[in-house]
Amino acid sequence: MDSITFEKLRELETRLASVLGAMSHPAVVQDPLAYQRLARESKELSPVVDSYRAYKEVLAEIAKVQDMARAETDAEIREMAHEELRQLEANRESLEESVRRLLIPKDPNDEKNVLLEIRAGTGGDEAALFAAEIFRMYSRFAERQSWRVDVVSANRTGQGGLKEIIALIEGHRVYSKLRYESGVHRVQRVPATEASGRIHTSAVTVAVLPEAQEVDVKVDPKDLRIDTFCSSGPGGQSVNTTYSAVRITHLPTNTVVSCQDEKSQIKNREKAMKVLRARLYEVALEAQQREIASERRSQVGSGDRSEKIRTYNFQQTRVTDHRIGLTVHRLPEVLDGDLDEVVDSLIAFHQAEKLKQSAA
């Protein structure tokens, strides 16, 4: 490992000690937001520092065994020392690779929950039906990951389709897994209503927004207009009788969010605020990303919603991710939530690109 990397690791080790010391300071303990920021930084630094310390221990052990092998006169013991050296070298290489991967700049949003927004695009009723299938795919994937899916709002069609659905997905590192799912998902199949058997192409739009906490986005209550109205659609006695639905307008940006999924006005307001914060956070992130030079962007794509990312071809039972050229002929399994191969391939490709940039 080069001296520059070693120096960087020493700085991170020093910084972790400083963060842990600051977390025990009385002023920080009494400031929840400051403590939360430091706790988050500590969680990010600890794996890097732990690997660095393990790497140093292996280097020290290698030096110790090398000295022993040079001083030993017994051929059998010397061979045993050389065998131990080979194992230690393999361990050193593994730890070095691990350290390099951990040094790749992390997206601070990777640990966050997400707001998943799915909207039917071109294709009419067929697009709405496919939107429902895509939502089921992500719901099944979430089950496999032990995540929790909470529907914020849904606009359903009479045939079981979805014009739009917004859901909060909560769990361990949700954004890190779903961040590359934003974009246009295209389906090619013969719709049930197509008498002539022609293959139709429809599309849905998927947006994955990191959930923004109050520490990420400051929303001034003075900038909000909050309206209440009666819920509509199926839902029992409270529908059309109580003002439980909530519409929040962020006046500076004219961003409007509504929620009527819960019977409680308070719960609907909480959900609507989560969506609003996520959208305002997304606007801030997009403004920041526009300032980044194009050559520094990952080839995986920025996750722009207008970017066509994936095709689901029913006739060929094929799923193709166009960004990395990945094709799997396991369409039924993928639509049932078995997304691991696709998701892991995207993450691996992204990490490889970042390692190339780091090496350059």
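Structural data are supplied above this passage.
Residues numbered from 1 in each chain as written. Predicted model: local features only at pLDDT ≥ 70, side-chain atom pairs only at ≥ 80, totals over all residues. Heavy atoms only, no water.

A. Layout of the pattern of salt bridges. In this structure the tally under the stated criterion is 31 salt bridges. One salt bridge connects Glu117 with Arg119, and the closest N-O pair in it is separated by 3.0 Å. A relative accessible area of 1% means that Glu117 is categorised as buried. Judged by relative accessible area, which is 22%, Arg119 ranks as partly exposed. One salt bridge connects Glu341 with Arg330, and the closest N-O pair in it is separated by 3.5 Å. Here Glu341 is found in helix α9 (residues 340-359), whereas its partner Arg330 is found in the loop between β11 (326-328) and α8 (331-335), with eleven residues between them in sequence. Overall, the relative accessible area of 39% leaves Glu341 in the partly exposed class. Bridged by salt links that share partners, the residues Arg136, Arg140, Glu143, Arg144 and Asp336 form one connected network. (Salt bridge = Lys/Arg side-chain N within 4 Å of Asp/Glu carboxyl O. Buried < 20%, exposed > 50% of the residue type's maximum accessible area, 1.4 Å probe, protein only. Helix = DSSP H or I, 4+ residues; strand = E, 2+ residues; numbered from the N terminus.)

B. Examining the sheet that holds strand β5 (residues 200-210) more closely. Read from one edge of the open sheet, eight strands run β2-β3-β1-β5-β4-β9-β10-β11, paired in mixed fashion. A single partner strand is all that each edge strand has here, and the edge strands are β2 (148-156) and β11. Mean inter-strand twist for the sheet, computed between neighbouring axes without regard to direction, equals 15°. Relative to strand β9 (residues 308-313), strand β4 (residues 183-189) runs parallel, the two sharing five bridges. Each residue of the ladder has a partner; that of Gln188, found in β9, is Asn313. Of the strands in this sheet, β1 (114-120), β2, β3 (162-170), β4, β5 and β9 are in contact with helix α5 (residues 125-144), which crosses β4 at around 115°. (Pairing = 2+ DSSP bridges. Axes fitted to C-alpha atoms, helices over the stretch in contact; angles between N-to-C directions. Contact = heavy atoms within 4.5 Å.)

C. Summary view of unusual backbone geometry. Residue Ser146 is not a glycine yet carries a positive backbone phi of 60°. Topologically, Ser146 is positioned in the loop between α5 and β2. With a relative accessible area of 67%, Ser146 lands in the exposed category. The phi torsion at Asn254 lies on the positive side, around 60°, for a residue other than glycine. Here Asn254 is to be found in the loop between β7 (245-250) and β8 (255-259). The class for Asn254 is exposed, based on a relative accessible area of 58%.

D. Region of the structure containing the pairing of β5. Burial runs high along β5: eight of the eleven residues are buried. Bridge count for β1 against β5 is seven bridges, and the pairing is antiparallel. The partner of Glu117 across the bridge, within β5, is Ala207. In terms of strand pairing, β4 meets β5 through seven bridges, oriented antiparallel. Residue pairing for β5: Arg186 is matched across the bridge by Ala203.

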